[in-house]
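Per-entry structural report
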Amino acid sequence: MRIIIDAMGGDNAPNAVVSGAVRAARELNTEVVLVGRGADILKALEQQGITNLPKGVEVANAEDVVDMHDDPATVVRKRRDSSMVVGLRMLSEGKGDAFISAGSTGAVLTAATLIVKRIPGIRRAAMAPILPTATGRCVLIDCGANAECTPEFLLQFACMGSFYAKATLGIEHPRVGLLNIGAEDSKGTELQRQTYGLLQRLSEAGAIQFIGNVEARDVPLGGADVVVADGFSGNILLKTMEGTAKLVTGEMKKVFLQNSLTKLAALFCKKGLGELKQKMDYREVGGTPFLGVTKPVIKAHGSSDELAVFHAVRQAVETVQSDLVGAIEANMEYLTVPKELDHAE
C-alpha cells in the first residue's frame, strides 16, 4: 500500500509529519510518499539522524505551500504546485492509495472534491471523526464540512456513516441516531423533521438501523454508533466534547496533585488513568476521513505531532482495506431521495 502525505500541512510541518511518516513506514509495513519542499523534508530527516531515505519512504517535490489563510475556492487554481494539490493529483492519477493532510480543512475538502471527485450520486463529501464514548466509540457525520444541509445530504451521511462504522468499528448493525434537541420525532427544525422520516424509510428498507433522535448528552454515553448531523451542529458537538475532555482530565490532575495522599492514590490509579488519557487523546485516532470522495482522503488535526501522523497513516491503511468507496457505490439505490421528498433542496 502507498500512502501520499502532505509534508507541509499543519502547525508542526514538516518535522512532525516526516517523523510520523517514517515511523509508519517502519511499523505498519507500508510505503509513504512525502510531498513538499524536498530540501525541507531532507533537513527534517537529518534532524532525526537519517541521512538516506529509509526503506518505504519516498519524496515528491512540490515547492509551493497552501497557507491557512488561502481561500479554499482558489487553492486548486492558484496553488497548483503546492504539496496539497500535487499530492491529491497523484492520488487521482493512481500513484497512491490514500492521501493525508493536516493543512486547511476547507482547502483539503475543496481540492479533494475538484481533483479526486465525489462518488457519482453523492451530493456532498462529509467529515466523519471517530469519538470515544462510555461504551466504546462512535462515528460523527458531519462535523464541519457542510454547515447548511438538505434532508438528502443527511440521508447520505447516515448511509456512509453506517458503512464506515461497520468497516472501521466492526459493528455489524450500527445504531444510527439523528442529532436533535429531543427524542420525539416532532422535535427540531424542518430539516431534522424531514430527515427523520427519510431515515425511517431507509431503516424499513434494511439499509441502516435507525434508532431515532439522540440528544447531545447521549452521544458521549454511547447513545448511538453513528450520529448524523449537519456540519454546524456536528462541529459544535465535537468541539464541546473536546473541551469537556480537557476540562475533566485537567481537573483530575489537580485533584491527584493536591497532597502526598492524593499523589499516592494516583500511583495506584496510574494504569487506569493512562488508559483514560489514551482513550480521550485525539492523536490516537489520527484524523478524519472525507466520506463520499472516490478515494480515501484523510484530514489530520492541524496540530498533529508524530503520534497523530503515525495514526493517520494507520487510519488511511484501514480505510483502504475496508473498501468503503466500494460499499457506498454498491448501495447508491438507498442514497437517492425522490425530489418530492427532498423539500429543503
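Higher on the page you've got the structure.
Scoring rules and cut-offs
Per chain, residues are indexed from 1 in the order of the written sequence. Whole-chain, interface and lining totals are the exception, using all residues; otherwise, since this is a predicted model, local features are given only for residues with pLDDT of at least 70 and side-chain atom pairs are given and counted only at 80 or more. Only hydrogens and water are removed before side-chain values are computed, so all heavy atoms of the structure are retained for them. Here, any two strands with at least 2 DSSP bridges between them count as paired. The helix count covers DSSP runs of H or I at least four residues long, the strand count covers runs of E at least two residues long, and both are numbered beginning at the N terminus. Interaxial angle, 0 to 180 degrees, is taken between N-to-C directions of lines fitted to C-alpha atoms, where a helix line uses only the stretch in contact. Contacts are residue-level and defined by heavy atoms, with any inter-residue pair within 4.5 Å sufficient. Buried residues of nine kinds, namely Ala, Val, Leu, Ile, Met, Phe, Trp, Tyr and Cys, make up a nonpolar core once their side-chain atoms join them within 4.5 Å. Between buried and exposed lies partly exposed: a residue is buried under 20% and exposed over 50% of the maximum accessible area for its type, with that area taken using a 1.4 Å probe on protein chains only. Assignment of crossover handedness uses the view with strands pointing away from the viewer, where a clockwise path from the first strand over the helix to the second indicates a right-handed crossover.

1. Quick notes on the sheet that holds strand 10 (residues 226-228)
Spatially, the five strands line up as an open sheet ordered 6-7-10-8-9, and their pairing is mixed. The sheet is open, and its two borders are formed by strand 6 (130-133) and strand 9 (209-214), each paired with just one other strand. Strand-to-strand, the axes of this sheet are offset by a mean angle of 30°, without reference to chain direction. Sheet topology note: the strand 6/strand 7 (residues 136-141) ladder contains four bridges and is antiparallel. When the sheet's bridge partners are listed, Leu131 is paired in strand 7 with Cys138. Relative to strand 7, helix 6 (residues 151-169) is tilted by about 150°, and along the sheet it contacts strand 6, strand 7, strand 8 (175-179) and strand 10. Together, strand 8 and strand 9 form the strand contacts of helix 7 (residues 190-204), whose direction differs from that of strand 9 by roughly 160°.

2. Some points on the nonpolar core
The nonpolar side chains of a soluble globular protein tend to be buried, and buried together. Judged by nonpolar contacts, the single largest core of 41 residues is most densely connected at Val35, Leu88, Val227 and Val297. Among the secondary structure elements, those contributing two or more residues to this core are strand 2 (31-36), helix 3 (75-78), helix 4 (83-92), helix 5 (105-116), strand 7 and helix 8 (231-256). Per element, the largest residue contribution to this core is seven residues, and it comes from helix 5. With 37 residues, the next largest nonpolar core counts Val139, Phe157, Ala207 and Leu335 among its residues.

3. Points about the pairing of strand 9
The pairing of strand 8 with strand 9 spans five bridges and is parallel. Directly across from Gly177, in strand 9, lies its bridge partner Gly212. Once the chain exits strand 8 it traverses helix 7 before rejoining the sheet at strand 9, and the crossover so formed is right-handed.

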